[in-house]
Every structure is written in C-alpha cells, then in structure tokens.
Amino acid sequence: MSETELMFLENQAGEVEGLGHAGIETFRDTPFVSCSKEAGQNTLDAANGRPVRMVLREHQVPASDIPGIEKLRETISVCLKTARASGNDKDRDFFENANDVVSNLFIPVLEIADYNTTGLEGPPNDASSKFHALVKSSGKSNKATETSGGSFGIGKNATFAVSDLRTVFYSTVYDTQDGEKFALQGKVQLVSHKDADNTERTEKGYWGHTEHFSAVEDPELVPAWMQRDTKGTSVFSVGFRGEEDWIDRMTVPLLSNFFAAIDDGDIEFEVGDEPRVLSVGTLAGLLDDEAIEEAGEMASHGDGQNKCWHGRLLSLAARVGLCLQIREGISHQQLWPR
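Residues numbered from 1 in each chain as written. Predicted model: local features only at pLDDT ≥ 70, side-chain atom pairs only at ≥ 80, totals over all residues. Heavy atoms only, no water.

### Things to note about the pattern of salt bridges
Step number 1: Applying the stated criterion to the full structure yields 14 salt bridges.
Step number 2: D266 is the partner of R50 in a salt bridge, and the nearest nitrogen-oxygen pair spans 3.0 Å. You can see R50 sitting in the loop between α2 (31–45) and β2 (52–62) and its partner D266 sitting in the loop between α7 (246–263) and β9 (267–271), a full 216 residues away along the chain.
Step number 3: With its nearest N and O atoms 3.0 Å apart, the salt bridge here joins R92 to D89. Taken as a pair, R92 and D89 lie in helix α4 (residues 89–103) at a separation of three residues, close to a single helical turn.
Step number 4: The exposure class of R92 is partly exposed, given its relative accessible area of 27%.
Step number 5: Here D89 falls in the partly exposed class, since its relative accessible area comes to 44%.
Step number 6: Linked through salt bridges whose partners overlap, the residues forming this network are D89, R92 and D93. (Salt bridge = Lys/Arg side-chain N within 4 Å of Asp/Glu carboxyl O. Helix = DSSP H or I, 4+ residues; strand = E, 2+ residues; numbered from the N terminus. Buried < 20%, exposed > 50% of the residue type's maximum accessible area, 1.4 Å probe, protein only.)

### Examining the packing of aromatic side chains
Step number 1: Enumeration over the complete set of coordinates arrives at seven aromatic pairs.
Step number 2: On the basis of an interplanar angle of 90 degrees and a centroid distance of 4.9 Å, the ring pair of F94 and F95 is categorised as edge-to-face.
Step number 3: With relative accessibility at 17%, the residue F94 sits in the buried group.
Step number 4: Summarising the aromatic geometry, the rings of F169 and W207 are spaced 6.0 Å apart at their centres and angled 55 degrees between planes, so their arrangement reads as tilted. (Phe/Tyr/Trp six-rings, centres within 6.5 Å; stacked < 30°, edge-to-face > 60°.)

### Comments concerning α4
Step number 1: A rise of 1.5 Å per residue sets the reference length of α4, with its 15 residues, at 21 Å; its end C-alpha atoms lie 21 Å apart and thus fit the reference within 8%.
Step number 2: Lining the buried residues of α4 we find α3 (69–86), β3 (106–115), β4 (163–176) and β8 (232–240).
Step number 3: Two or three places before K90, at the start of α4, stands the capping residue N88, its side-chain oxygen 3.1 Å from that residue's backbone nitrogen. (Expected span 1.5 Å × (residues − 1). Contact = heavy atoms within 4.5 Å. Polar contact = N/O pair within 3.5 Å; in protein donor to acceptor, adjacent residues only side chain to side chain.)

### Re the packing of α2 against α7
Step number 1: Between α2 and α7, the least distance of the axes is 8 Å, while the angle of their chain directions is 40 degrees. Overall, the two elements α2 and α7 adopt an arrangement that is oblique. In the crossing of α2 with α7, the sense of the turn from one axis to the other is right-handed. Contacts between α2 and α7 pair F32, V33, C35, S36, K37, G40, Q41 and L44 from the former with W246, R249, M250, P253, L254, N257, F258 and A261 from the latter.
Step number 2: Per-class residue counts for the contact of α2 with α7 are 10 nonpolar, four polar and two charged. (Axes fitted to C-alpha atoms, helices over the stretch in contact; angles between N-to-C directions. Parallel < 35°, antiparallel > 145°, perpendicular 65-115°, else oblique. Left-handed = near helix turned anticlockwise from the far one by under 90°. Nonpolar A, V, L, I, M, F, W, Y, C, P; charged D, E, K, R; others polar.)

### Regarding the side chain of T118
Step number 1: Residue position: T118 is located in the loop between β3 and α5 (130–135).
Step number 2: With relative accessibility at 16%, the residue T118 sits in the buried group.

### Considerations on the pairing of β4
Step number 1: In terms of burial, β4 is a largely internal element, 12 of the 14 residues being buried.
Step number 2: One ladder, built from eight bridges, connects β4 with β8; its direction is antiparallel. In the strand pairing of β8, F169 is matched with F236.
Step number 3: Across 10 bridges, β4 lies against strand β5 (residues 179–189) in antiparallel orientation. Considered in β5, the bridge of T167 is made with V188.
Step number 4: In this antiparallel pair of consecutive strands, β4 and β5, the connection spans two residues. (Pairing = 2+ DSSP bridges.)

The structure is reproduced here in structure tokens:
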C-alpha cells in the first residue's frame, strides 16, 4: 500500500469553491450546541449495550504529531495569499486566524469518543460501509435502522464547525468475522486553490493512503493519541475553537436533548479533562447548577432556534424535581414522553 499523506483532490473542472460550505455554514452560529447534539445522537444510534458513554475532552497536541501538518500549513498559507490579494475580508480573516493556529507548536484538538458502541463498521473503503458514509458520502446516509436519529447526513459537518482549520480525523475499532479491525482517515474542507506546484485543487483534502485516498487500517502508521484499544469511534476536531466556557456550553444541549436517555440509563456523558459526568446520579444537581444555567442564558441570545434552549432546560429541571418526589407513582413514559 502507498505511503500516507494529506492530499487535495485535483480540480479538473476548475470549479470555484469558497468558505460558504452549506453543511458547515448550517452550524456556524451554533457550533457547540450542534456539535454535541449531533455527536450524542450518533453515539446513541451506535449503541452496543447500555449505557453507552460519550467523552468530550480537549487535548493540546504537538503540531509535529498531527498527520499531514506540513501540507496543511502549506495549503493554508497559499489560500491566505489568495485571500489577501482578492480583497475578500471573510476569507482573509478566516485564513489569517487559521495560519496563526496551524503555526503554533501545540494545536488544540477536541476529541469526541464513544464507548460501548459498534464503532464505524467497515471496510472503510467500501462505499456501502458506515465509515465511508461518515467520511466520504454526501447526500446519503447508511442508517443501522429506519428509526435511527443520526444518519451521517448534514449533521456530520457540525464537527468541522468547531474547527478553526476545518480539519477532522475519524478513528474507529469495529468487529469483523476475523476479529476487531482499526481504521483512521482525516478530512479537510477549505477552498478551491492552486497548490505550491500551481496545480488546481478542490476545497476537499484527505489524509490517508495516497492510493484512491483510502483510509489507514494499520494502527502502527498513526500517532498513539489517535489509536483506540476498545471498540467504538473517536472523532478529532483539529484546531478546536474552544472558549473558556465550552464545557458549560456543550453541557446545556446534552442535557436538553438527551435528558430522557440519561435518566433511563441509556447514555452517559463526560465533558472536559476533569470530567463533568452527566448520568442518572448527577442529573438533578446539574440542572440546578448556576454555571450551566448561565450558559443556557447565553444560548438564548441567538436566533429563534437557540431561544428555546434555556426555557427547555428550566422546564426539565422542574420535571426532575417532580420525578424525584413521585418517581414511585408515575412511570418514565408519563413524565418523559419521547
């Protein structure tokens, strides 16, 4: 198999592709809310027992340990020069910030890892597989069942929305008839551009084997921090746009959207390096936490979609109190209708 590197597809048609990627733009105004919500749903859909567990943590990764970093730096530099020459303020601002981030010795990475799940079933380079549906498919979903809430459709772009580099890696361990298998691939979505050799390239690049832009299936070829030793999936958003209160801001939608599943013991979350645990045992206390309440208030200052978050959270807090008082008399289905 060929060597690994980051390569952008050749733009043979000369198409012009800007930063206004429809899927990513959908989540631009609500990146933390959208990222946590979409990841949580995909984790539930891949359940292989209960409770499934989803962990969100931030890493400061040495830039030298990020696959394809030199090519990414080169590409961002080329795009920045073009943006400055074009006079496009949006592109210039984006690539100036991206250039600053990618030039650092350490780069923030958000890891979203799930456990007690099936993983992204392969083979990863098979167009009918779940891995391929997540990494390489557009306008198509490979659901486990017709009732699955997550479908690797437009929601998969939410992870790019929290990346200042629009760069995401997918790492998974899944079952086969021959035992557990590993797969990893990276994806970058920038703008169409001319590379350093003056070749026209599309906005889309992949890190993996250069032959057919294929996924890497040998864990020895990837950094240790991207490997997994248990079945499941880890998604890495490189250049994470983390803010000081990102833990609170991601906790709010997790509580709001997965309250019933948490209360039923179907799913648990861990958010942050000193993890805030969202589980049956911590649910009532979290819904009465002032920091989370303030994060809900901040979410209420956005568009019409966001205004519902805080109100829903307060409503759920009230229901928790009710549930704790009369749990013996009323079923979960009555209190928490799905």
